[in-house]
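Now for the letters of each chain:
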Amino acid sequence: MALPSARMVRMLALIAAIPSVVLAGFTLWFPDIKRALAYGPLIDAHTDVDCAQCHVPSRGTVRQQIQAKTHHLIGLRESSVDFGYQPVTSTVCLACHARPNERHPIYRFNEPRFSEAVRKVDARSCLGCHSEHGPQIVDVQIGMCSNCHTDIVVKNDPIDIKHDTLIRDGRWESCLTCHDFHGNHAFQAPLVVSEGLPINAIRSYLVMGNDPYGSEKLYNSRQP
Ligand code: HEC
Ligand code: HEC
Ligand code: HEC
Ligand code: HEC
Ligand code: HEC
């Protein structure tokens with residue numbers, strides 16, 4: 001039997017290499033595929049928002065990304081790249097949700113005096129309190145107002161049990177029964193503590209919507 005030509009050997013080597021290339025490709029992609037499938041649905045209010053409005057592709061072609069990832073794996077590159085998409089940031093949310101009446105604008109909380117508070121509740125980012133595919137629309141402790149409002153002074157306090165009494169008694173769960181967080185609802189804070197919204201209505205709003213402050217907003221979100 002004649003020996004295979006050099007050309008034939010190269011061909012065979014190439015063919016033999018295909019499965020390992022495919023396999024390598026798969027192991028690189030697999031964690032991402034698994035992650036994508038494991039991700040939950042969007043919040044109801046965002047059903048019409050396209051994936052691409054929040055998920056912006058990373059820079060570079062897919063080939064460059066695979067190359068960078070491979071180089072990272074074999075130690076030629078210091079850092080890996082985000083596979084396919086950049087992390088979602090507050091900037092994409094603000095494109096539809098920026099509003100001039102914002103009571104708690106995120107940029108304010110970069111000030112050093114909030115450094116202790118933002119370790120408990122990260123008010124510097126929309127995603128410090130909101131998740132998109134997660135189990136809750138708003139993922140915060142109802143009493144989180146305590147991180148910043150222990151020493152508020154309300155002049156001519158109009159409510160029946162005064163703010164400083166509520167605060168002294170640690171009644172932090174009461175705050176959201178009379179105030180929304182962003183101040184964007186056309187909702188008048190009641191003057192009587194027992195006439196606040198039921199705490200369970202607030203809880204269910206934070207988990208899945210059903211807005212107890214009413215559907216009327218002072219500024220509407222930009223439609224997708
Ligand atoms: C309104 C913005 C928004 C929309 C629309 C959106 N996502 Fe997301 N997505 C996020 C945010 C924010 C995260 C970060 C984790 C979280 O909050 O759940 C995320 C995380 C993910 C992740 C995990 C990525 C990682 O690196 O861990 C996948 C996968 C994903 N989204 C897929 C999708 C798909 C598929 C769609 C379209 C059906 C979609 N997303 C639509 C905001 C969005
Ligand atoms: C393309 C526009 C768009 C983008 C981008 C977008 N939203 Fe929205 N969002 C809307 C619209 C429209 C509504 C429904 C009207 C409303 O509740 O204001 C909404 C509603 C919401 C609600 C209220 C949910 C409810 O049930 O009451 C939250 C919370 C929210 N968005 C957070 C976010 C966050 C956080 C991001 C960034 C990860 C984001 N949105 C990105 C358009 C957008
Ligand atoms: C410190 C926690 C916190 C941060 C940070 C935060 N939110 Fe919220 N968000 C809440 C809470 C609590 C509610 C429910 C009370 C309310 O409706 O104001 C809410 C409600 C909302 C709603 C529905 C009510 C409305 O005002 O239309 C939207 C939309 C929203 N958030 C968008 C955002 C966006 C966009 C960002 C970033 C710019 C952001 N939030 C940052 C806590 C937060
Ligand atoms: C990370 C810090 C922080 C957290 C957490 C926080 N706030 Fe505030 N809040 C502020 C700051 C700062 C201001 C602006 C005060 C000023 O301008 O003097 C403010 C202002 C307010 C105002 C007055 C707005 C106005 O028109 O003057 C209300 C009402 C309010 N917050 C309610 C709440 C409620 C309710 C919670 C909990 C759900 C909460 N805040 C959580 C920092 C915070
Ligand atoms: C019974 C309802 C009620 C409860 C409970 C309540 N507030 Fe108030 N709050 C009001 C009213 C009414 C005002 C004065 C008018 C306004 O600003 O809406 C006010 C004013 C404020 C102000 C000052 C706003 C300004 O314009 O100067 C802040 C800050 C505030 N509340 C925070 C809180 C915090 C934090 C809690 C929880 C400890 C809380 N409130 C509990 C009804 C309530």
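Basis of the calculations
Residues numbered from 1 in each chain as written. Chains lettered and ligands numbered in written order. Predicted model: local features only at pLDDT ≥ 70, side-chain atom pairs only at ≥ 80, totals over all residues. Heavy atoms only, no water. Donors = N, O, S within 2.8 Å, 3.2 Å for Na, K, Ca; no water. Tetrahedral: all angles 85-135°; square planar, octahedral: opposite > 155°, others 65-115°. Helix = DSSP H or I, 4+ residues; strand = E, 2+ residues; numbered from the N terminus. Buried < 20%, exposed > 50% of the residue type's maximum accessible area, 1.4 Å probe, protein only. Near = heavy atom within 4 Å. Polar contact = N/O pair within 3.5 Å; in protein donor to acceptor, adjacent residues only side chain to side chain. Nonpolar A, V, L, I, M, F, W, Y, C, P; charged D, E, K, R; others polar.

Draft legend 1. Summary view of the coordination of the iron atom of ligand 5. Within the protein, the atoms that donate to the iron atom of ligand 5 are His-163 (NE2) and His-179 (NE2), at distances of 2.0 Å. Because the angles between the six donor atoms bound to the iron atom of ligand 5 fall within 85 to 179°, the donor set is best described as octahedral. Of this pair, His-163 sits in helix α6 (residues 163–168) while His-179 sits in the loop between α7 (175–178) and α8 (199–208); the two residues are 16 residues apart in sequence, bridging distant segments of the chain. Owing to a relative accessible area of 17%, His-163 belongs among the buried residues under this scheme. For His-179, a relative accessible area of 34% puts it in the partly exposed group.

Draft legend 2. Looking closely at the coordination of the iron atom of ligand 1. Only His-55 (NE2) and His-133 (NE2) from the protein coordinate the iron atom of ligand 1, and they sit 2.0 Å from it. One way to put it: the six donor atoms around the iron atom of ligand 1 meet at angles of 89 to 178°, and that makes the site octahedral. Of the two residues, His-55 is situated in the loop between α2 (51–54) and α3 (62–73) and His-133 in the loop between α5 (115–120) and α6; the sequence distance between them amounts to 78 residues. A residue is classified by how much of its surface remains accessible, and His-133, at 24% relative accessible area, is partly exposed.

Draft legend 3. The site of ligand 2, seen in detail. Surrounding ligand 2, one finds 17 residues, the nearest of these being His-46, Cys-93, Cys-96, His-97 and Ser-221. The side chain of Lys-217 places a nitrogen or oxygen atom 3.2 Å from an oxygen atom of ligand 2. Among the elements that line the shell around ligand 2, the one with the most residues is helix α4 (residues 90–97), at four residues. Looking at the shell around ligand 2, its residues break down into eight nonpolar, seven polar and two charged.

Draft legend 4. Here's a closer look at the site of ligand 5. By nearness alone, 18 residues border ligand 5, and His-163, Cys-175, Cys-178, His-179 and Pro-190 come closest of all. In this structure, His-163 approaches ligand 5 through a side-chain N or O atom, which is 2.8 Å from a nitrogen atom. His-179 has a polar side-chain atom sitting 2.8 Å from a nitrogen atom of ligand 5. When residues of the shell around ligand 5 are traced back to their parent elements, those giving at least two are α6 and α7. Among the elements that line the shell around ligand 5, the one with the most residues is α6, at three residues. By residue class, the composition of the shell around ligand 5 is 14 nonpolar, four polar and no charged.

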